[in-house]
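Structure at a glance
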Amino acid sequence: MTAGLMAGACRNDRYEGAKKLRFCNISLAAGAWMDFSPQERAKRSVLELERGIALSQIGEPEKAIEAFKEALRDARAKSGAWEQQLHQRMVQMEDRNTLALWVSVVEAE
């Protein structure tokens, strides 16, 4: 239940920066036991992406890049529209610095 509540807050644009990061970290930690499943890893990709956004917002670009890489790896763990969902989310980004970090990761992977 905690993971679900925190995941909702993590994905919510109402929260930014450190607060968003806290919600994302709690949700990822609470759901870490499910990492063995490709389906669960693909679902988790959205939380990793949101974690990367939060890290970028607090001025941690290197950590944001690592979170974005993890999001892509997780999205690619299971066939389906997981990676497309990540791209759709990033197209909505108003923060051009965060978007530039995402593009750099996508181009390198």
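Residues numbered from 1 in each chain as written. Predicted model: local features only at pLDDT ≥ 70, side-chain atom pairs only at ≥ 80, totals over all residues. Heavy atoms only, no water.

Where helix H2 (residues 17-30) contacts helix H3 (residues 38-57), the two axes come as close as 8 Å, and the packing angle between them is 150 degrees. Classified by the angle their axes make, H2 and H3 are roughly antiparallel. The element H2 and its partner H3 pack so that their crossing is left-handed. In this structure, H2 contributes Gly 17, Lys 20, Leu 21, Cys 24, Asn 25, Ser 27 and Leu 28 to the contact, and H3 contributes Arg 44, Leu 47, Glu 48, Glu 50, Arg 51, Ile 53, Ala 54, Leu 55 and Gln 57. Here the contact of H2 with H3 is composed, by residue class, of 7 nonpolar, 4 polar and 5 charged. (Axes fitted to C-alpha atoms, helices over the stretch in contact; angles between N-to-C directions. Helix = DSSP H or I, 4+ residues; strand = E, 2+ residues; numbered from the N terminus. Parallel < 35°, antiparallel > 145°, perpendicular 65-115°, else oblique. Left-handed = near helix turned anticlockwise from the far one by under 90°. Contact = heavy atoms within 4.5 Å. Nonpolar A, V, L, I, M, F, W, Y, C, P; charged D, E, K, R; others polar.)

With respect to the helices, strands and loops of the structure, Arg 89 is situated in helix H5 (residues 82-91). The sequence separation of Arg 89 and Val 46 amounts to 43 residues, and the corresponding C-alpha distance is 8.9 Å. Arg 89 has contacts with Asp 13, Lys 20, Leu 49, Glu 50 and Ile 53, leaving out every residue within four places of it along the chain. At a separation of 2.6 Å, a polar atom in the side chain of Arg 89 contacts the side chain of Glu 50. (Polar contact = N/O pair within 3.5 Å; in protein donor to acceptor, adjacent residues only side chain to side chain.)

Its 13 residues give helix H6 (residues 96-108) an end-to-end C-alpha distance of 18 Å, which sits within 8% of 18 Å, the value for a rise of 1.5 Å per residue. At its buried positions, H6 is contacted by H3, helix H4 (61-75) and H5. The N-cap residue of H6 is Asp 95: its side-chain oxygen and the backbone nitrogen of Asn 97 are 3.0 Å apart. (Expected span 1.5 Å × (residues − 1).)

On to the packing of aromatic side chains, then. This structure, assessed with the given rule, holds 2 aromatic pairs. Where Tyr 15 meets Phe 23, the ring centres are 4.9 Å apart and the plane angle is 65 degrees; that geometry is what we call edge-to-face. Accessibility classification places Tyr 15 together with Phe 23 in one group, the buried group. Judged by centre distance (5.5 Å) and plane angle (85 degrees), the ring pair of Phe 68 and Trp 102 falls under edge-to-face. Taken together, the positions of Phe 68 in helix H4 and Trp 102 in helix H6 put the pair 34 residues apart, joining distant regions of the chain. (Phe/Tyr/Trp six-rings, centres within 6.5 Å; stacked < 30°, edge-to-face > 60°. Buried < 20%, exposed > 50% of the residue type's maximum accessible area, 1.4 Å probe, protein only.)

Attention now moves to the nonpolar core. Counting 20 residues, the largest nonpolar core has Leu 49, Ile 53, Phe 68, Leu 86, Met 90 and Trp 102 as the members making the most contacts within it. Looking at this core, the elements that each hand over two or more residues are H3, H4, H5 and H6. The biggest single contributor to this core is H4, with 6 residues. Sequence-distant contacts of Leu 86, defined by excluding residues within four places in its chain, comprise Ser 45, Val 46, Leu 49, Ala 71, Leu 72, Ala 75 and Trp 102. Formed by 8 residues, the second largest nonpolar core is a distinct cluster that contains Ala 7, Cys 10, Cys 24 and Leu 47. (Core = buried A, V, L, I, M, F, W, Y, C linked by side-chain atoms within 4.5 Å.)

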